[in-house]
Protein chains: 2
Amino acid sequence: MQDNREPAVTISSIASAAGVSVPTVSRVLNGRSDVAPATRERVETLLREYGYRRRGSAQAAPAGLVDLVFNDLDSPWAVEIIRGVEEALNAEGLSVVVSAIHRRGSADSTRKWLDTLSARASDGAILVTTDLDSFLHAELQRLHLPVVVIDPAGVPDLDVPTIGATNWTGAVNATEYLIQQNHRRIGFVAGRPGIWCSRARLDGYRAGLEAAGIAVDPELVHGGDFDYASGFDAGRALLALHDRPTAIFAASDQMALGVYEAARQQGLRIPDDLSVIGFDDLPEAGWASPPLTTIRQPLSGMGTLAARTLVRLIHGETVESPRVELSTRLVRRSSVQALGPQDRFPA
Amino acid sequence: MQDNREPAVTISSIASAAGVSVPTVSRVLNGRSDVAPATRERVETLLREYGYRRRGSAQAAPAGLVDLVFNDLDSPWAVEIIRGVEEALNAEGLSVVVSAIHRRGSADSTRKWLDTLSARASDGAILVTTDLDSFLHAELQRLHLPVVVIDPAGVPDLDVPTIGATNWTGAVNATEYLIQQNHRRIGFVAGRPGIWCSRARLDGYRAGLEAAGIAVDPELVHGGDFDYASGFDAGRALLALHDRPTAIFAASDQMALGVYEAARQQGLRIPDDLSVIGFDDLPEAGWASPPLTTIRQPLSGMGTLAARTLVRLIHGETVESPRVELSTRLVRRSSVQALGPQDRFPA
DNA sequence: CTGAAAGCGCTTACAG
DNA sequence: CTGAAAGCGCTTACAG
């Protein structure tokens, strides 16, 4: 995998490559104004190409810092991951720098982020749900910065370790469980499109139905993007169907809570009139009323594993299995009720 | 307030203070084994006393790092603060190191944390809900590290800026609102004891009742510690009362959700049979079913303000008002219903 | 176990 | 705008 034992790039190697003196490079590095624009440009390019990293004095003196990068910091999701990463890294004597990629997609902001990363001499980075495109990947390589991705957006390069959960299997289990409880019309609220795990959950739902010989009704599959509002909208649409579902499987807990509210507004009670199952098992799932049955994915465990994997890369070790999926499991609480028998023979 | 412009403590000043050579101090600093125990001890003490901070080369070269410290990273609370801090600091080109004080209270772990802080040359620290005791305060002063505290546990030293919310006023407002809706028997679930804001909320509840000429019934005040389980327990106890409350004001949203579940388990519907109001306005409040009416405290705004205040201290500026309380406000959603008129004249 | 010496990576006046 | 020189804070062989 990555290798961090290359000869260090120093200010003086940059200087000779650029054909200028060491002080000049130093000036560029420190944003002094008294440098000819052409010189500055040339030096900056070289700095970038060589992947120069500020280094205190003589020997590297590791910063003991790892970057944990989210697209946005607006989900309860994030704390779980942060907690797992922080615990594992703290045990290794490392600290976690948490950041969100602001104005996502802007090449400029990515550039700026990379510069900061480089300036502070981070030992490695954990990217969450990030689309590690080839540009970003190349830049990180250049910085000799080990990387681990949690829940990659697309299928990442093979030499970048990724940590995920058994999304497909978890979704199959959720669907099977509802079928066991005699549900046949099972609605599905999908996750944010474009992220790998969303697709896996949708496929698992379909596979679960088909394994039980139930045809997939496209009407019962509704788009979403993981958050509450999209769950509410999807729930409303699904419950407005002529032949409405008796159970809804939402690809995230937040969307499941949106379904709760859509049901409540239509006077439907959970689990009596509608069964709901979520995905994630955020603490919030246990706080719902009634407590939400869901598929647990070990988010903080994923964080811990990502951290441990990264530490190995930092130490120059290789990682034998670059893609790991931690297992999910069904957590039964009170939002699913068996259909049929009860209906026919009420107590 | 704090001053950061003191002459830098260098390895050589420590060396002469200790009566040893520079290389020896360097060895202690790097944990080399070949140093006499007595010498090591003496040097370490001096290092501490002088508040030595590793510094790359010649000039300080600010690390651009700020520490954000929680007691625990297990609450949805935390993300809100992190988000606010991260945004404000990112705008200043600074990064956020997030950590939890593990094994709280252990002097040893505090020591270790301070060492890390010092080693990485953090520019400042934001402590959340921390009891900044005089020991910690003195140590941070020694490191010349500016500090801001969010929601201080106790009453902190006057020269440490603190950021909070108008907890007392918010609680008065919540209580007044319930009274306006004709509630008279209003239960209260208190926050974690020992934290300043818990006390303010309890006092606000009492003041709100008394202002309306309602006597405070001690039976209606129940202990809690901010989390879901304690809210559930308190809700259960309150609803089991002979003359049970028609409304419950919980000092946190998480506890309010616990009250929801306690009500549901007793077959009580919200808001029809019981009105509930929370405190915080976490995203979770909006996801409850029915959506929770609550007192909003601007958590991410508190994070932002703490960050900005810290940046000023880092720049050596003074802060004119060391204790700021951001205002809270009532967010009306669907968990409170007026009592009385409706009951007498149903639609 | 310790210090004198050499050296490293970098920066800052100082000339030009 | 740029480089030669001096210097800073630190570390690492090298002696003893």
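Definitions and cut-offs
Residues numbered from 1 in each chain as written. Chains lettered and ligands numbered in written order. Predicted model: local features only at pLDDT ≥ 70, side-chain atom pairs only at ≥ 80, totals over all residues. Heavy atoms only, no water. Helix = DSSP H or I, 4+ residues; strand = E, 2+ residues; numbered from the N terminus. Expected span 1.5 Å × (residues − 1). Buried < 20%, exposed > 50% of the residue type's maximum accessible area, 1.4 Å probe, protein only. Pairing = 2+ DSSP bridges. Axes fitted to C-alpha atoms, helices over the stretch in contact; angles between N-to-C directions. Contact = heavy atoms within 4.5 Å. Polar contact = N/O pair within 3.5 Å; in protein donor to acceptor, adjacent residues only side chain to side chain. Buried area = accessible area lost by both parts, 1.4 Å probe. Salt bridge = Lys/Arg side-chain N within 4 Å of Asp/Glu carboxyl O. Arc of directions from axis to C-beta. Near = heavy atom within 4 Å. Nonpolar A, V, L, I, M, F, W, Y, C, P; charged D, E, K, R; others polar. pLDDT = per-residue confidence, 0-100.

**Details of helix α10 (residues 253-265) of chain A**
Taking 1.5 Å of rise per residue, the 13 residues of α10 of chain A would be expected to cover 18 Å, and the 19 Å separating its terminal C-alpha atoms lies within 8% of that figure. Taken as a whole, α10 of chain A has its buried residues at D253, Q254, M255, A256, L257, G258, V259, Y260, E261, A262 and A263 of chain A.

**Some details on the sheet that holds strand β11 (residues 323-326) of chain A**
Spatial strand order, β11(A)-β5(A)-β4(A)-β3(A)-β1(A)-β2(A)-β2(B)-β1(B)-β3(B)-β4(B)-β5(B)-β11(B): twelve strands in an open sheet with mixed pairing. The sheet is open, and its two borders are formed by β11 of chain A together with β11 (323-326) of chain B, each paired with just one other strand. In this sheet, adjacent strand axes meet at a mean angle of 25° when their direction is disregarded. Examined bridge by bridge, strand β5 (residues 162-165) of chain A and β11 of chain A share four bridges and lie parallel to one another. Paired with I163 of chain A across the bridge in β11 of chain A is V324 of chain A. Along the sheet face, helix α4 (residues 76-91) of chain A touches β1 (65-70), β2 (95-100), β3 (124-128) and β4 (147-150) of chain A together with β2 (95-100) of chain B and points at about 170° away from the line of β1 of chain A.

**Remarks on the side chain of T175 of chain B**
All names here are of chain B. With respect to the secondary-structure elements, T175 resides in helix α7 (residues 167-180). Overall, the relative accessible area of 1% leaves T175 in the buried class. Separated by 2.7 Å, the side chain of T175 and the backbone oxygen of A171 make a polar contact. Apart from residues lying up to four places away in sequence, T175 is in contact with I186, G204, Y205, G208, L209 and F249.

**Points about the interface of chain A and chain B**
Across the contact, 37 residues belong to chain A and 37 residues belong to chain B. Summed over both partners, the interface of chain A with chain B buries about 3200 Å², with 60% contributed by carbon and sulfur atoms. On inspection of chain A and its partner chain B, the count reaches zero salt bridges. Connecting chain A to chain B are ten residue pairs in polar contact (both at pLDDT 80 or more). Where the side of chain A that touches chain B is concerned, the elements lending two or more residues are α4, β2, α10 and α11 (283-287) of chain A. Examining the composition of the side of chain A that touches chain B, we find that eight residues originate from one element, α4 of chain A, more than from any other.

**Regarding helix α2 (residues 22-29) of chain B**
Because an α-helix completes one turn every 3.6 residues, residues spaced three or four positions apart along the sequence face the same direction. Residue and element names in this part refer to chain B. Within α2, the full set of buried residues consists of T24, V25 and V28. For α2, the arc enclosing every buried residue in end-on projection is 100°, short of the 170-degree limit, so these residues lie on one face. The inward-facing, buried residues of α2 abut α1 (11-18) and α3 (37-50). Just past α2, the residue G31 takes up positive phi, approximately 60°.

**As for the protein's contact with DNA strand C**
Taken together, the neighbourhood of DNA strand C is formed by 21 residues, with I11, S26, R32 and Y52 of chain A together with T39 of chain B sitting nearest. What you see for DNA strand C is that sugar and phosphate hold 69% of its atoms within 4 Å of the protein. The separation between a phosphate oxygen of DNA strand C and a polar side-chain atom of T24 of chain B is 2.7 Å. Elements that contribute at least two residues to the surface near DNA strand C include exactly α2 (22-29) of chain A together with α2 of chain B. In terms of residue count, α2 of chain A provides more of the surface near DNA strand C than any other element does, four residues in total. Per-class residue counts for the surface near DNA strand C are nine nonpolar, seven polar and five charged.

**Some words on the confidence of the model for chain A**
Across chain A, the average pLDDT comes to 86, with 88% of residues at 70 or higher. This stretch, residues 56-61 of chain A, has a pLDDT under 50; its non-local contacts, to residues over four places away or in other chains, come to four contacts.

**Considering the pairing of β5 of chain A**
All names here are of chain A. Every second residue of β5 is oriented toward a common face, with T162 and G164 on one face and I163 and A165 on the other, all of them buried. The pairing of β4 with β5 spans two bridges and is parallel. Residue pairing for β5: I150 is matched across the bridge by I163.

**Focus on the protein's contact with DNA strand D**
Surveying the vicinity of DNA strand D reveals 22 residues, the closest of which are T24 and T39 of chain A together with I11, S26 and Y52 of chain B. Of everything in DNA strand D that lies within 4 Å of the protein, sugar and phosphate atoms constitute 68%. At 3.0 Å from a phosphate oxygen of DNA strand D is found a side-chain nitrogen or oxygen belonging to S21 of chain A. In the environment of DNA strand D, a phosphate oxygen lies 2.7 Å from a nitrogen or oxygen atom belonging to the side chain of T24 of chain A. Counting only elements with at least two residues in the surface near DNA strand D, the list comes to α2 and α3 (37-50) of chain A together with α2 of chain B. The dominant element in the surface near DNA strand D, judged by the number of residues it contributes, is α2 of chain B, at four residues. Tallied by class, residues from the surface near DNA strand D come to ten nonpolar, seven polar and five charged.

**Observations regarding unusual backbone geometry**
The amide bond that connects I270 of chain A to the next residue, P271 of chain A, takes the cis arrangement and shows omega of 5°. Cis peptide bonds are those with omega within 30 degrees of zero, and the linkage from S289 of chain B to P290 of chain B qualifies with 0°. Mapped onto the elements, P290 of chain B comes out in the loop between α11 (283-287) and β10 (293-296). One non-glycine residue, N182 of chain A, adopts positive backbone phi at about 75°. Mapping N182 of chain A onto the fold places it in the loop between α7 (167-180) and β6 (186-189).

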